Amino acid sequence: MYKIKTLSDGSIERYKARLVAKGFAQEYGIDYEETFSPVARINSVRTLLAIDVTRKWKLTQMDVKNTFFNGELEEEVYTRPPPGYTCQENKVCRLRKALYGLKQAPRAWFAKFHKTITQLNFSSSAHDSALFTRKTENGTFILLLYVDDMIITSDDSIGIKELKQFLCQHFGMKDLGPILTYFLGLEVLFFRDGLFLSQAKYASDLVSKAGLTDCKIEHTPLEPNVRFTPQDGSLLNDATLYRKLVDSLIYLTVTQPDISYVVHTVS
Amino acid sequence: MTSPRTTHYAAVLRIIRYIKGTLFYGLHYSTTSPLILRAYSDVDWAGDPSDRRSTTGFCIFLGDSLISWRSKKQTLVAHSSTEAEYHALADTTSEILWLR
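Residues numbered from 1 in each chain as written. Chains lettered and ligands numbered in written order. Predicted model: local features only at pLDDT ≥ 70, side-chain atom pairs only at ≥ 80, totals over all residues. Heavy atoms only, no water.

Some remarks on the overall build of chain B
Counting secondary structure elements, chain B contains two helices and four strands. Each helix (α) and strand (β) of chain B, taken in turn from the N terminus, gives the series α-β-β-β-β-α. Counting every position in chain B, which comprises 100 residues, the buried fraction comes to 43%. Considering only intrachain contacts with a sequence separation of at least 6, the fraction spanning at least 24 residues in chain B is 50%. Entry remark: accessible area of chain B is about 5100 Å², with carbon and sulfur atoms responsible for 58%. (Helix = DSSP H or I, 4+ residues; strand = E, 2+ residues; numbered from the N terminus. Buried < 20%, exposed > 50% of the residue type's maximum accessible area, 1.4 Å probe, protein only. Contact = heavy atoms within 4.5 Å. Areas by Shrake-Rupley, 256 points an atom, 1.4 Å probe, with all protein chains shown as cover.)

Put into structure tokens, the structure is as follows:
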């Protein structure tokens, strides 16, 4: 698989080539067992930010490069030799580590991360397995993992440095710096008296995706006393666009509780 | 989502037109907020005329910061508004327990 990574101004950042496995050819019970992989709950993200801002702890955002290659496979998985690799005929390759495209790749990565971070006495929260915490005499550490993105916060600044070093030893990490501005598509703005969480760019992209850029603004999200019944109107011929728009609206409820009820009624 | 109709689609477009006016709305978390949990819950008893099920709404604040909320249709038909409120409280409580 080849891809050209571009920067926001359209210039080329780097060329990317990646070997992927044909995950669609895998059979359940033979090539993979479980594929479920936990990600942090959005409530955890908001709670962490709300607590963090009152305690004035430093936030660090990091991401993991080539995330899924870190996963170790429990199952025996074989692939055809990659193009350009010469070996004897009728031979196949056995995978030791996960490849992108494999059904169990996200799960294998989470298991590997869990194993690594627990070596540092971090424990995963009983309510959100992607939220890890550690308490020492120097302070409290909170680490929140969302696939390959993570935010780390603590009142112990030396401890954070050590934690970063530890992570860099085990995985290829990219340090996105101490100021959180963008996480999972959420825009985070810090002020002296607090922080502001919004999805302005996501929302404006949604408005143009729906082709409503030049439309009149509504002051309420729903007409009063509207009840949907299965008899009104007619069935949509093609629900693809509808589903896409509703999916985007569901994601928009992450910072907009005012549309939570209406979005629930149309989803 | 399973069988959307033209009426649903019209509602979706209306929500997006509303969004257009609220692009810069968001959540504000204050540095001076106390760390106390407060929760509010409500229900519209038998709000859906076709299946008589009620919808729960709740929101949970940590001090002044809104951290969790949901609007969710109850899975069973409540026979009284008290029963509907009771289910709403139970759902809200389980969310509070989770947050603690």
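Looking at the sheet that holds strand β12 (residues 186–191) of chain A
If you trace the four strands from one edge of the open sheet to the other, you get β11(A)-β12(A)-β13(A)-β1(B), paired in antiparallel fashion. Pairing within the sheet leaves two strands with one partner each, and these edge strands are β11 (182–183) of chain A together with β1 (26–30) of chain B. Pairing of strand β13 (residues 194–198) of chain A with β1 of chain B, which is carried by five bridges, proceeds in the antiparallel orientation. By the bridge assignment, F196 of chain A is partnered in β1 of chain B with H28 of chain B. Against the sheet, helix α1 (residues 42–55) of chain A engages β11 and β13 of chain A together with β1 of chain B, with an angle of about 35 degrees to β1 of chain B. (Pairing = 2+ DSSP bridges. Axes fitted to C-alpha atoms, helices over the stretch in contact; angles between N-to-C directions.)

Topic: the sheet that holds strand β3 (residues 55–62) of chain B
Residues and elements named next belong to chain B. Ordered by their spatial adjacency, three strands build an open sheet running β2-β3-β4, and the pairing between neighbours is antiparallel. Of all strands in the sheet, those with a lone pairing partner are β2 (37–44) and β4 (65–73), marking the two edges. For this sheet, the mean angle separating the axes of adjacent strands, direction not counted, is 10 degrees. Pairing of β2 with β3 involves eight bridges; the strand directions are antiparallel. Across the sheet, residue Y40 finds its bridge partner in β3, namely C59.

Observations concerning the nonpolar core
Taken as a class, soluble globular proteins show a tendency for nonpolar side chains to be buried jointly. With 53 residues, the main nonpolar core has F113, L143, M150 and L167 of chain A together with Y29 of chain B as its most contacted residues. It is helix α2 (residues 105–118) of chain A that contributes the most residues to this core, six residues altogether. Setting aside residues no more than four positions away along its own chain, Y29 of chain B makes contact with R46, L49, A50, V53, D193, G194, L195 and L197 of chain A together with S65, L66 and I67 of chain B. Within the second largest apolar cluster, 25 residues are counted, among which are A203, L206 and L245 of chain A together with V12 of chain B. (Core = buried A, V, L, I, M, F, W, Y, C linked by side-chain atoms within 4.5 Å.)

Observations concerning the domain arrangement of chain A
When the parts of a complex come together, some accessible area is lost, and that lost area is often used as the size of the interface. All names here are of chain A. Splitting chain A by domain gives domain 1 (2–198) and domain 2 (200–266). Listed by partner, the interface residues are nine residues for domain 1 and six residues for domain 2. Ranking the residues of domain 1 by area buried against domain 2 places L186, E187 and S198 at the top, with a combined share of 46%. Our enumeration of links across domain 1 and domain 2 arrives at zero salt bridges. Run the count over domain 1 and domain 2 and you get four residue pairs in polar contact (both at pLDDT 80 or more). Contributions of two or more residues to the side of domain 1 that touches domain 2 are made by α1, β12 and β13. Classifying every residue of the side of domain 1 that touches domain 2 by side-chain character gives five nonpolar, two polar and two charged. (Domains from an automatic or database assignment. Buried area = accessible area lost by both parts, 1.4 Å probe. Salt bridge = Lys/Arg side-chain N within 4 Å of Asp/Glu carboxyl O. Polar contact = N/O pair within 3.5 Å; in protein donor to acceptor, adjacent residues only side chain to side chain. Nonpolar A, V, L, I, M, F, W, Y, C, P; charged D, E, K, R; others polar.)

Details of helix α1 (residues 6–20) of chain B
A rise of 1.5 Å per residue sets the reference length of α1 of chain B, with its 15 residues, at 21 Å; its end C-alpha atoms lie 21 Å apart and thus fit the reference within 8%. Along α1 of chain B, the positions that sit buried rather than exposed are H8, A11, V12, L13, R14, I15, I16, Y18 and I19 of chain B. (Expected span 1.5 Å × (residues − 1).)

Considerations on the pairing of β4 of chain B
The pairing of β3 of chain B with β4 of chain B spans eight bridges and is classified as antiparallel. Note that in β4 of chain B the partner of G57 of chain B across the bridge is S71 of chain B.

Remarks on the packing of aromatic side chains
Residues and elements named next belong to chain A. This model, assessed by the stated rule, comprises nine aromatic pairs over all chains. Ring geometry for F110 and F132: centres 6.2 Å apart, planes at 35 degrees, overall tilted. One end of the pair, F110, is in helix α2; the other, F132, is in strand β7 (residues 131–135), and 22 residues separate them in sequence. Owing to a relative accessible area of 9%, F110 belongs among the buried residues under this scheme. Classification of F132 as buried rests on a relative accessible area of 0%. (Phe/Tyr/Trp six-rings, centres within 6.5 Å; stacked < 30°, edge-to-face > 60°.)

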